[in-house]
Amino acid sequence: MTLSETEALELDAADPGHRELFDVPPAQGGDYPEVAYFAGNSLGLRPKATRSELLEDLDSWAALGVEGHLDAARPWLPYHELLTGPASRLVGALPSETVVMNTLTVNLHLLMVSFYRPTRSRHRIVIEDSAFPSDSYAVRSQVEFHGYDAEDAVIRLRPRPGENSLRTADVVEQLGGDVALVLLGGVNYLTGELMDIPTITKAGHAAGAIVGWDLAHAAGNVPLALHDWDVDFAAWCSYKYLNSGPGAIAGAFVHERHLGADLPRFEGWWSTDAKTRFEMTPESRPPATADAWQVSNPPIFSMSPVRTSLEIFDKVGIEVLRERSVRLTAYLSNLLDGFEVITPTDPARRGAQLSVRVPGAGELSRRLRFEYGVIADSREPDVLRFAPVPLYSTYHDCWRAGTALAEVTA
Ligand SMILES: *Cc1c(COP(=O)(O)O)cnc(C)c1O
């Protein structure tokens, strides 16, 4: 289906996002000054406020030195607490269940220390076969750390032959009594499939397993209700849909029913209760909150962009964003008619990503960038990913992507 450029511009006028809050890079090719950016599922764009607010935090250091811990406009000692509220609202959690710390894979490890407690009869971990490699390496190394064989212990879920996504019923069927941990991506990084998190979580619990979710591609993309869905734990990064910059500080969730429980954790001085931290006692007194999973004092200048970005999500609201996301993705989907899109067609089973299977994806993504100013990324061997991000992508961006892809593959 081809839609006119005028129609795209009319849709933008009727259904605008919040592009004005972001710095959109200049295009290196094509007819328009700015790129049509579809890589927000890899690295989100920078909010304009990030620069000035980060500089404010940096200047507190210049002005106050060590006194900034307490006297900075945003004091460093409790700085991470500024992020807890907005992060918890974004993932549907209680503030006590949420903490912003470390990076994603580190958080997965710290959470598996608590929640992957294998026994001889129950030591298997279920992931997707198309899991992001970091998750695959993390679970294999956890299995081996506990003295089990990763080849045997890690169950990799594959779609049925000829299909591209996992069926919920097939996932549920594979959750047997030997499964210690189910650790799936909420939205798959490659196909863009949104999993049925509540149903799979419930099924995992019925099988006696712990259920954790990697929300790297789900946080800031789709509404989540981690508390109500009874998820045991979750972790996510902040540089994809959360627009907090390369390597940004990540998030973690631990369900209320595990808080204060007698679970193993790897501790450091930030694991102990903030109120008594500076008594410098040899043993920690961890609070009954997700803060107990912290280890080190947090990197303030890496937290600052996360704080700025989460404020945008708080202001706009993930439900409102999701509605625009469904409309924008449907529009792009129309434009990609005729291509092999491996993302589910049902809007309820996908977020803001469409993955196209096309030969020579790597070369195509280079041509899209340098000849059309369209930024999409490729994944070996043959997948091009387009993420129309509801905060800053436009219908006109989608129109540019659709027409450019048709031309480079003609
Ligand atoms: C992006 C992504 C990661 C990246 O891990 P880091 O620890 O942030 O480098 C891990 N897992 C998934 C599913 C991802 O999408």
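Residues numbered from 1 in each chain as written. Predicted model: local features only at pLDDT ≥ 70, side-chain atom pairs only at ≥ 80, totals over all residues. Heavy atoms only, no water.

### Here we look at helix H2 (residues 48–64)
Here H2 spans 26 Å end to end across 17 residues, near enough to the 24 Å set by a 1.5 Å rise per residue. Among the residues of H2, those classed as buried are Thr-50, Glu-53, Asp-57 and Ser-60. Buried residues in H2, looked at end-on, bunch into an arc of 90 degrees, giving them a common side. Away from the buried face of H2 by more than 90 degrees, exposed residues Arg-51, Ala-62 and Ala-63 are located. Contact partners of the buried residues in H2: strand S3 (46–47) and helix H10 (300–316). Note on H2: the residue one or two positions beyond its end, Gly-65, has a positive phi of about 55 degrees. (Helix = DSSP H or I, 4+ residues; strand = E, 2+ residues; numbered from the N terminus. Expected span 1.5 Å × (residues − 1). Buried < 20%, exposed > 50% of the residue type's maximum accessible area, 1.4 Å probe, protein only. Arc of directions from axis to C-beta. Contact = heavy atoms within 4.5 Å.)

### A closer look at the sheet that holds strand S14 (residues 377–379)
Spatially, 4 strands are ordered S11-S12-S15-S14 in an open sheet, and the strand pairing comes out antiparallel. The sheet is open, and its two borders are formed by strand S11 (340–341) and S14, each paired with just one other strand. Note that S14 and strand S15 (residues 383–386) share 3 bridges and pair antiparallel. Counted as the bridge partner of Asp-377 is Arg-385 from S15. (Pairing = 2+ DSSP bridges.)

### Observations concerning the environment of Trp-236
Summarising the element assignment, Trp-236 is placed in strand S9 (residues 233–236). Accessibility expressed as a relative area gives 2% for Trp-236, which makes it buried. C-alpha of Trp-236 to C-alpha of His-217: the two residues are 19 residues apart in sequence and 7.8 Å apart in space. Not counting residues up to four positions away in its chain, the partners in contact with Trp-236 are Val-91, Thr-98, Leu-104, Leu-215, Ala-216, Ala-219, Leu-226, Leu-242, Ala-250, Gly-251, Ala-252 and Phe-253.

### Remarks on the site of the ligand
What surrounds the ligand is the set Leu-104, Thr-105, Phe-132, Asp-135, Asp-214, Ala-216, His-217, Tyr-239 and Lys-240. Measuring from a nitrogen atom of the ligand, one finds a side-chain N or O atom of Asp-135 at 2.6 Å. Between the ligand and Tyr-239, the relevant distance is 2.5 Å, taken from an oxygen atom to a side-chain nitrogen or oxygen of the residue. (Near = heavy atom within 4 Å. Polar contact = N/O pair within 3.5 Å; in protein donor to acceptor, adjacent residues only side chain to side chain.)

### Some points on the domain arrangement of the chain
As far as domains go, the chain holds domain 1 (5–41 + 317–408) and domain 2 (55–314). Taken residue by residue, the interface counts 28 residues in domain 1 and 22 residues in domain 2. Buried area between domain 1 and domain 2, summed over both chains or domains, comes out near 2,100 Å², and the portion from carbon and sulfur atoms is 56%. Contact with domain 2 buries area across many residues of domain 1, yet Ile-318, Ile-342 and Arg-349 alone supply 26% of it, more than any other trio. Linking domain 1 to domain 2 there are 1 salt bridge. For Arg-349, the salt bridge identified is with Glu-193, shortest N-O distance 2.7 Å. Residue assignment for the side of domain 1 that touches domain 2 shows that the elements contributing at least two residues are helix H11 (318–335), strand S12 (354–357) and S15. With 4 residues, the single largest contributor to the side of domain 1 that touches domain 2 is H11. (Domains from an automatic or database assignment. Buried area = accessible area lost by both parts, 1.4 Å probe. Salt bridge = Lys/Arg side-chain N within 4 Å of Asp/Glu carboxyl O.)

### Some thoughts on the packing of helix H5 (residues 104–115) against helix H6 (residues 133–145)
Running from N to C, H5 and H6 point in directions that differ by 30 degrees, and their axes come no closer than 10 Å. For the element pair H5 / H6, the angle class is roughly parallel. Considering how the two elements wind past one another, H5 and H6 form a crossing that is right-handed. Between H5 and H6, the contacting residues are Thr-105, Leu-108, His-109, Met-112 and Val-113 on the first element and Ser-134, Asp-135, Ala-138, Val-139, Ser-141 and Gln-142 on the second. Of the residues that constitute the contact of H5 with H6, the class distribution is 5 nonpolar, 5 polar and 1 charged. (Axes fitted to C-alpha atoms, helices over the stretch in contact; angles between N-to-C directions. Parallel < 35°, antiparallel > 145°, perpendicular 65-115°, else oblique. Left-handed = near helix turned anticlockwise from the far one by under 90°. Nonpolar A, V, L, I, M, F, W, Y, C, P; charged D, E, K, R; others polar.)

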